[in-house]
Amino acid sequence: LDMQGRLLLQRCKYWDKVALKDEWKACQKQALDSIQQALSINTRSPHLWANLLLVKSNLEQFDADFNKALINARHLGPNDFDVNRAVAHIGLLHWLRWQPEQKNLFRSALFTIQEISPKEAMKIADASGKSALYCFWTRNDPRQFYNCKKKPVRRKASSASGNVIP
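Residues numbered from 1 in each chain as written. Predicted model: local features only at pLDDT ≥ 70, side-chain atom pairs only at ≥ 80, totals over all residues. Heavy atoms only, no water.

**Overview of the packing of helix H4 (residues 64–76) against helix H5 (residues 81–93)**
Okay, step 1: At a closest axis distance of 10 Å, the pairing of H4 and H5 adopts a crossing angle of 140°. Between H4 and H5, the angle falls in the class oblique. Seen along the crossing, H4 lies across H5 with a hand that is left-handed. In contact with Phe66, Leu70, Ala73 and Arg74 of H4, H5 contributes Val83, Asn84, Val87 and Ile90.
Okay, step 2: Looking at the contact of H4 with H5, its residues break down into 6 nonpolar, 1 polar and 1 charged. (Axes fitted to C-alpha atoms, helices over the stretch in contact; angles between N-to-C directions. Helix = DSSP H or I, 4+ residues; strand = E, 2+ residues; numbered from the N terminus. Parallel < 35°, antiparallel > 145°, perpendicular 65-115°, else oblique. Left-handed = near helix turned anticlockwise from the far one by under 90°. Contact = heavy atoms within 4.5 Å. Nonpolar A, V, L, I, M, F, W, Y, C, P; charged D, E, K, R; others polar.)

Okay, structure coming up:
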């Protein structure tokens, strides 16, 4: 069941979410069912909880089960790179939605990635459009990804055309 859920997640990951909306949603729901069945047998797998978190996020089901999946993924897999990558990505992707205790769990997942690979942490932040937030959080960390340390280039706007002039 665990493998079936992961395969379904992989299969519908590359589908066009807009053009194949109904099929994509059906695929996500199948993955959700498989993962929930696997969790009824094995509640100790951080990967199952992270996969549940992914599917719930894909379906925008931010409910009590989503929160339980977040807590269990972090509790059971605090040092698991793949689990933390999934948790951090979901957290940053929907950042404004979360309560403070949820933000702490998502941020701690990102910081776990930061300790192992600042470059990977920056990729996660970039993919979710939150690289500035990542740079702000890690501003005092000497391992911070080097792109955060670059000074921004100031640009002047031209008065005639509205184009940016370096």
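Read on for the rest.
**So, the side chain of Gln114**
Okay, step 1: One can find Gln114 in helix H6 (residues 100–116).
Okay, step 2: Of the residues examined, Gln114 reaches a relative accessible area of 1% and is grouped as buried.
Okay, step 3: Of the polar contacts made by the side chain of Gln114, one reaches the side chain of Tyr134; its length is 2.2 Å.
Okay, step 4: Those residues within four positions of Gln114 in sequence are excluded, and the remaining contacts are Ala121, Tyr134, Thr138, Asp141, Arg143 and Gln144. (Buried < 20%, exposed > 50% of the residue type's maximum accessible area, 1.4 Å probe, protein only. Polar contact = N/O pair within 3.5 Å; in protein donor to acceptor, adjacent residues only side chain to side chain.)

**Looking at the layout of surface pockets**
Okay, step 1: In this model, the largest pocket occupies a volume close to 730 Å³.
Okay, step 2: Elements represented by at least two residues in the lining of the largest pocket include exactly helix H1 (2–13), helix H2 (21–41), helix H3 (46–58) and H5.
Okay, step 3: Split into classes, the residues belonging to the lining of the largest pocket amount to 10 nonpolar, 8 polar and 6 charged. (1 Å grid on protein atoms, 1.4 Å probe; cavity = no way out; pocket = protein on both sides within 12 Å on 5 of 7 lines; lining within 4 Å. Points joined across faces, edges and corners; volume = space filled by probe spheres on them.)

**So, H5**
Okay, step 1: The end-to-end C-alpha distance of H5 is 18 Å, a good match for the 18 Å that 13 residues give at a rise of 1.5 Å each.
Okay, step 2: Within H5, the full set of buried residues consists of Val83, Asn84, Ala86, Val87, Ala88, Ile90, Gly91 and Leu92.
Okay, step 3: Turning to H5, the residues buried within the fold contact H3, H4, H6, helix H7 (118–127) and helix H8 (131–137).
Okay, step 4: Of the residues flanking the start of H5, the one acting as N-cap is Asp80, its side-chain oxygen 3.0 Å from the backbone nitrogen of Asp82. (Expected span 1.5 Å × (residues − 1).)

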